[in-house]
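Notes for the structure review
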There are 2 protein chains.
Amino acid sequence: MTPRYLEDFAVGQTYGSGCIRIDEHRIKSFAAEFDPQPFHLNEDAARDTIFGGLAASGWHTAALTMRLLVESELKPAGGIVGAGFDEFRWPLPVRPGDELRVESEVIDVRPSKSRPAQGLIKVRTTTLNQDDKAVQVLVVTLVVQRRRTQHDVGRDVSGGARIAIGPMAGST
Amino acid sequence: MTPRYLEDFAVGQTYGSGCIRIDEHRIKSFAAEFDPQPFHLNEDAARDTIFGGLAASGWHTAALTMRLLVESELKPAGGIVGAGFDEFRWPLPVRPGDELRVESEVIDVRPSKSRPAQGLIKVRTTTLNQDDKAVQVLVVTLVVQRRRTQHDVGRDVSGGARIAIGPMAGST
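Below or above, wherever it landed, is the structure these notes cover. (Residues numbered from 1 in each chain as written. Chains lettered and ligands numbered in written order. Predicted model: local features only at pLDDT ≥ 70, side-chain atom pairs only at ≥ 80, totals over all residues. Heavy atoms only, no water.)

1. Some remarks on the overall build of chain A
Quick note on the threshold: Where helices and strands are cited, they refer to DSSP runs of H or I of at least four residues and of E of at least two residues respectively, numbered from the N terminus. Buried residues are those whose accessible area, probed at 1.4 Å on protein chains only, stays under 20% of the maximum for their type, while exposed residues exceed 50% and partly exposed ones sit between those limits. Residue contacts follow a heavy-atom distance rule, with two residues in contact if any of their heavy atoms lie within 4.5 Å. For the area figures, the Shrake-Rupley method with a 1.4 Å probe applies, and any residue is considered shielded solely by the protein chains shown.
Of regular secondary structure, chain A possesses 5 helices and 6 strands. Counting from the amino terminus, helix and strand elements in chain A follow one another as β-β-α-α-α-α-β-β-β-β-α. For chain A, with 172 residues in total, the buried portion stands at 49%. Excluding contacts between residues fewer than 6 apart, the proportion of contacts in chain A whose partners are at least 24 apart in sequence is 71%. In the form shown here, chain A has an accessible surface area of approximately 7,600 Å², with 49% of it arising from carbon and sulfur atoms.

2. Quick look at unusual backbone geometry
All names here are of chain A. Positive phi is not limited to glycine here, since Lys75 has a value of about 40°. Relative to the helices and strands, Lys75 resides in the loop between helix H4 (58-70) and strand S3 (81-89). On the accessibility criterion, Lys75 (27% relative accessible area) is partly exposed.

3. What to know about the relation of the copies chain B and chain A
Keep this limit in mind: Copies overlap after least-squares fitting; the atoms used are the C-alpha atoms of residues with pLDDT of at least 70 in both.
For the match of chain B to chain A, the screw axis carries a shift of 0.0 Å, the RMSD comes to 0.0 Å, and the turn is 180°. Both copies of the chain, as the preceding transformation shows, are related through a two-fold rotation axis. Rotation axis and chain B: the residue whose C-alpha lies nearest the axis is Trp59 of chain B, separated from it by 3.7 Å. Both copies share a contact surface, since 98% of the interface residues of chain B are interface residues in chain A too.

4. Thoughts on the packing of aromatic side chains
Our working rule: Working definition: rings of Phe, Tyr and Trp (its six-membered ring) pair if their centres are within 6.5 Å, and the pair is stacked with planes under 30 degrees apart, edge-to-face with planes over 60 apart, and tilted otherwise.
One pass over the full model with this rule turns up 25 aromatic pairs over all chains. Here Phe88 of chain A and Trp90 of chain A contribute two aromatic rings whose centre-to-centre distance is 5.0 Å and whose plane-to-plane angle is 65°, an arrangement assigned as edge-to-face. Accessibility expressed as a relative area gives 3% for Phe88 of chain A, which makes it buried. Both rings, one in Phe88 of chain A and one in Trp59 of chain B, keep their centres 5.8 Å apart while their planes meet at 75°; by these two values the pair is edge-to-face. You can see Phe88 of chain A sitting in strand S3 and its partner Trp59 of chain B sitting in helix H4 (residues 58-70), one on each of two chains.

5. Description of helix H1 (residues 24-34) of chain A
A turn of α-helix holds 3.6 residues, and therefore any two residues three or four places apart point the same way. Defined as follows: Think of the arc as the fan of directions from the helix axis to the C-beta atoms. Two N or O atoms count as a polar contact when they lie within 3.5 Å, although within protein this holds only if one can serve as hydrogen donor and the other as acceptor, and sequence-adjacent residues are included solely when both atoms are side-chain atoms.
The complete set of buried residues in H1 of chain A reads Ile27, Phe30, Ala31 and Phe34 of chain A. On an axial view of H1 of chain A, the arc spanned by its buried residues comes to 100°, and they lie on one face. As for H1 of chain A, its buried residues are in contact with helix H2 (38-41) and H4 of chain A together with helix H1 (24-34) and H4 of chain B. Two or three places before His25 of chain A, at the opening of H1 of chain A, Asp23 of chain A has a side-chain oxygen 3.3 Å from that residue's backbone nitrogen.

6. Considering the nonpolar core
Nonpolar side chains in soluble globular proteins tend to end up buried together. Quick note on the threshold: We call a set of buried Ala, Val, Leu, Ile, Met, Phe, Trp, Tyr and Cys residues a nonpolar core when their side-chain atoms join them within 4.5 Å.
Core analysis: the largest hydrophobic core is formed by 68 residues, its most contacted members being Trp59 and Phe88 of chain A together with Trp59 and Phe88 of chain B. Setting aside anything within four residues of it in sequence, one finds Phe88 of chain A in contact with Trp59, Ala62, Gln136, Val137 and Leu138 of chain A together with Trp59, Gly84, Phe85 and Phe88 of chain B. Counting residues in each nonpolar core, the second largest holds 9 residues, with Val81, Leu120 and Val143 of chain A together with Phe39 of chain B among its members.

7. Describing the interface of chain B and chain A
For the record, the criterion: When two parts are brought into contact, each loses some accessible area as probed by a 1.4 Å sphere; the total of that loss over both is the buried area. Salt bridges are identified by distance alone: a Lys or Arg side-chain nitrogen within 4 Å of an Asp or Glu carboxyl oxygen.
The interface is formed by 44 residues belonging to chain B together with 43 residues belonging to chain A. A combined buried area of about 3,900 Å² lies between chain B and chain A, and 67% of that area is made up of carbon and sulfur atoms. Looking only at chain B, the three residues that lose the most surface to chain A are Phe34, Ile50 and Trp59 of chain B, adding up to 20% of its buried area. Here Arg26 of chain B ties to Glu33 of chain A by a salt bridge, and the two come within 2.9 Å at their closest N and O atoms.

8. Observations concerning the pattern of salt bridges
Following the criterion strictly, the structure yields 24 salt bridges over all chains and no others. Of the charged contacts, one joins Arg89 of chain A and Glu87 of chain A as a salt bridge, the two residues approaching to 2.7 Å between their closest N and O atoms. Overall, the relative accessible area of 35% leaves Arg89 of chain A in the partly exposed class. Across the salt bridge formed by Glu87 of chain B and Arg124 of chain B, the nearest N and O atoms sit 3.5 Å from each other. You can see Glu87 of chain B sitting in strand S3 (residues 81-89) and its partner Arg124 of chain B sitting in strand S5 (residues 118-128), a full 37 residues away along the chain. For Glu87 of chain B, a relative accessible area of 23% puts it in the partly exposed group. Classification of Arg124 of chain B by relative accessible area gives partly exposed; the value is 31%. Taken together, the shared-partner salt bridges connect Glu87, Arg89 and Arg124 of chain A into one network.

In short, geometric facts, not functional conclusions.
Take a look at the structure:
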C-alpha cells in the first residue's frame, strides 16, 4: 500500500485494522517487565482489586493498539509520529483471550504553520474487543508529510523535518 | 514501604525513582513487537526520518516510565490505577543507552464524590534522561484508596471498588 500524504486525508475518513489476540502468558510477562502490579500478574491476587480479575496493563493495550495502527490502512507518509494527545483513556479492562482491533476516524486535517513540508491530522482511534466494546480511546495528532509539489522539486523539503527534535516538537 | 492512602498525599509532594537504562537491542525488539516502524528498528533507515537516528517507541518510554513509577516511592494504596490523562507528550526522543528516571509531583488531591472508599490524586510525572532533559511528560489522575476510619470498620468499604468496571470508570 502506498503511503498517504496530507492531501490524501479528509475529515470523516475511517480506517480499520487487523486483529490481535492477547493471551494470559503475555499479559503477565509484559506486566513483569513494565507494570509489575498484582492485578496484571496473578489471577488470585487480582480478584480482590479494582479490576476484579486479571487484566492487561493499559500500556500493553496501548502498545498493541500501536501495532494495529502501524499495520492498518491509515499509512501516513513518514510513519505514525504522534504530536500530542487530546484524549487517552481505558474505559474497560482487557482480559486474557480478548481479541483487539482498531477503528480510526480522521477528525481534523491541517497544514503545519511552521513547517511547509508537513501537516497535521487528528485521529480518533478506538480499540475494540471481540464484543465491540471500547477498551481504549485515543485522540491523537499525527505529523504527516505533504506531497511534494512541482515547486518543491530540487529543494530538500525533508530538511525541515530532519531538524525537528522529536515527535512532540509542538508543531503548529 | 507501606502504601499511601489518600490522606497521606498533599499537593506539592515530590517522589523520585530509580533508574533504567534502555539499550539498542530492546528498543528494536520492543518495536518489532509493538511499533514496527523504520525509525525504531534500524539505525540506517532512521537517519533520514523525522527522528534523525534510532529512537525508542514512545510506547516503550511510556512502559518504562510505568515500571519506574511502580517501583518509586509514590506507592498509592490499591496500586497505580489511572483514571485519565490531562497531558501526555514526548518532548525529546529516547536514544540507545539513555538512562531514564522519573520525578513525580502531586498537583491535586481530592475525595471521590461517587465512591466514599476512594479518592483521586493528580500527578505530574516527568521522565528524564541522563542529561536531566524531559523525554516524557504525563499528567495523570490516579485512583487512591482512602484510609478506613473507625466508622468504616465492619463495613466492606472495598465493595464499592470491586464493582467498578475498570481503571477508567469515570470516577468523580
